[in-house]
Amino acid sequence: MNKRTAQAFALGLIFAAIFLWAGSSVIAEKEPEKKVAVSDAKKILEKEGYKVLNSGEFAKLNEKKAEVVKEEQPKEKAPAEKEEKVEEVKEEKKFTLIIASGMSPGDVATMLESQGIVDDESKFERFLIDKGYHTKVQIGKYELKSGLDYHQIAKIITKNR
């Protein structure tokens, strides 16, 4: 290594150091994050249209959701009525599915299986996830009937008609 090469190398290191220092000072000039009080955060969220719940209100909401799910599940029938049900399978069963806020695809699949709309809740949930429908499920009431395939049900509950 001769004198000229060593000088060029040193000059390159100096320029690199200057560029790194200048770049880091520009990045460091960002505004510091503002600390927001909880009460201010609630006001901001409510102003944006969100509903803020405390833990007690959230627990009550979950209890109501659990009651709705229990009401939606069919009641156990007597053995004689079960035999009649086997004969009625050929008829179309209609079901109103109510999807509430916070319900997972598994909750929806469980309700549909309990009403006889889908044959296997885990297969239907896996279908929703594999095809990307699980992120597009919409809150609302949906009229479903037996005999629909998974794709048709997914299109209805995601409003992709």
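This text follows the structure it describes.
Residues numbered from 1 in each chain as written. Predicted model: local features only at pLDDT ≥ 70, side-chain atom pairs only at ≥ 80, totals over all residues. Heavy atoms only, no water.

**Comments concerning a nonpolar patch on the surface**
Step number 1: Taken together, the side chains of Leu11, Ile14, Phe15, Ile18 and Phe19 present a nonpolar region at the surface, about 530 Å² in accessible area.
Step number 2: A relative accessible area of 45% places Ile18 in the partly exposed class. (Patch = residues over 30% accessible without salt bridge, like charges linked within 9 Å, V, L, I, M, F, W, Y side chains within 5 Å. Areas by Shrake-Rupley, 256 points an atom, 1.4 Å probe, with all protein chains shown as cover. Salt bridge = Lys/Arg side-chain N within 4 Å of Asp/Glu carboxyl O. Buried < 20%, exposed > 50% of the residue type's maximum accessible area, 1.4 Å probe, protein only.)

**Quick look at the environment of Lys145**
Step number 1: Tracing the sequence through the fold places Lys145 in strand 2 (residues 140–145).
Step number 2: Here the alpha-carbon distance between Lys145 and Lys93, two residues 52 residues apart in the chain, equals 5.3 Å.
Step number 3: Residue contacts for Lys145: discarding those within four places in its chain leaves Glu92, Lys93, Lys94 and Ile117. (Helix = DSSP H or I, 4+ residues; strand = E, 2+ residues; numbered from the N terminus. Contact = heavy atoms within 4.5 Å.)

**Topic: the nonpolar core**
Step number 1: In terms of nonpolar packing, the biggest core is built from 22 residues, with Leu97, Leu112, Phe124, Leu144, Ile153 and Ile157 touching the most fellow members.
Step number 2: Of all the secondary-structure elements, those providing two or more residues to this core are strand 1 (94–99), helix 5 (105–114), helix 6 (121–131), strand 2 and helix 7 (150–157).
Step number 3: Looking at this core element by element, the count peaks at five residues for helix 7.
Step number 4: Leave out the neighbours within four places in its chain, and Leu144 touches Lys93, Lys94, Phe95, Leu97, Leu112, Ile117, Ile153 and Ile156. (Core = buried A, V, L, I, M, F, W, Y, C linked by side-chain atoms within 4.5 Å.)

**Focus: the packing of helix 6 against helix 7**
Helix-helix packing is characterised by the crossing angle of the two axes and by the distance between the axes.
Step number 1: Interaxial distance between helix 6 and helix 7 falls to 11 Å at its minimum, and their mutual angle equals 60°. If you check the angle between helix 6 and helix 7, you find them oblique. Of the two possible hands of crossing, helix 6 and helix 7 adopt the one that is right-handed. The segment helix 6 lies against helix 7, with Lys123, Phe124, Phe127 and Leu128 engaging Tyr150, His151, Ile153, Ala154 and Ile157.
Step number 2: Looking at the contact of helix 6 with helix 7 residue by residue, the class counts come to seven nonpolar, one polar and one charged. (Axes fitted to C-alpha atoms, helices over the stretch in contact; angles between N-to-C directions. Parallel < 35°, antiparallel > 145°, perpendicular 65-115°, else oblique. Left-handed = near helix turned anticlockwise from the far one by under 90°. Nonpolar A, V, L, I, M, F, W, Y, C, P; charged D, E, K, R; others polar.)

**Focus: the environment of Lys42**
Step number 1: By the secondary structure assignment, Lys42 is in helix 2 (residues 38–47).
Step number 2: Judged by its relative accessible area of 40%, Lys42 falls in the partly exposed class.
Step number 3: Taking the C-alpha atoms as reference points, Lys42 and Leu53, separated by 11 residues in sequence, lie 9.5 Å from one another.

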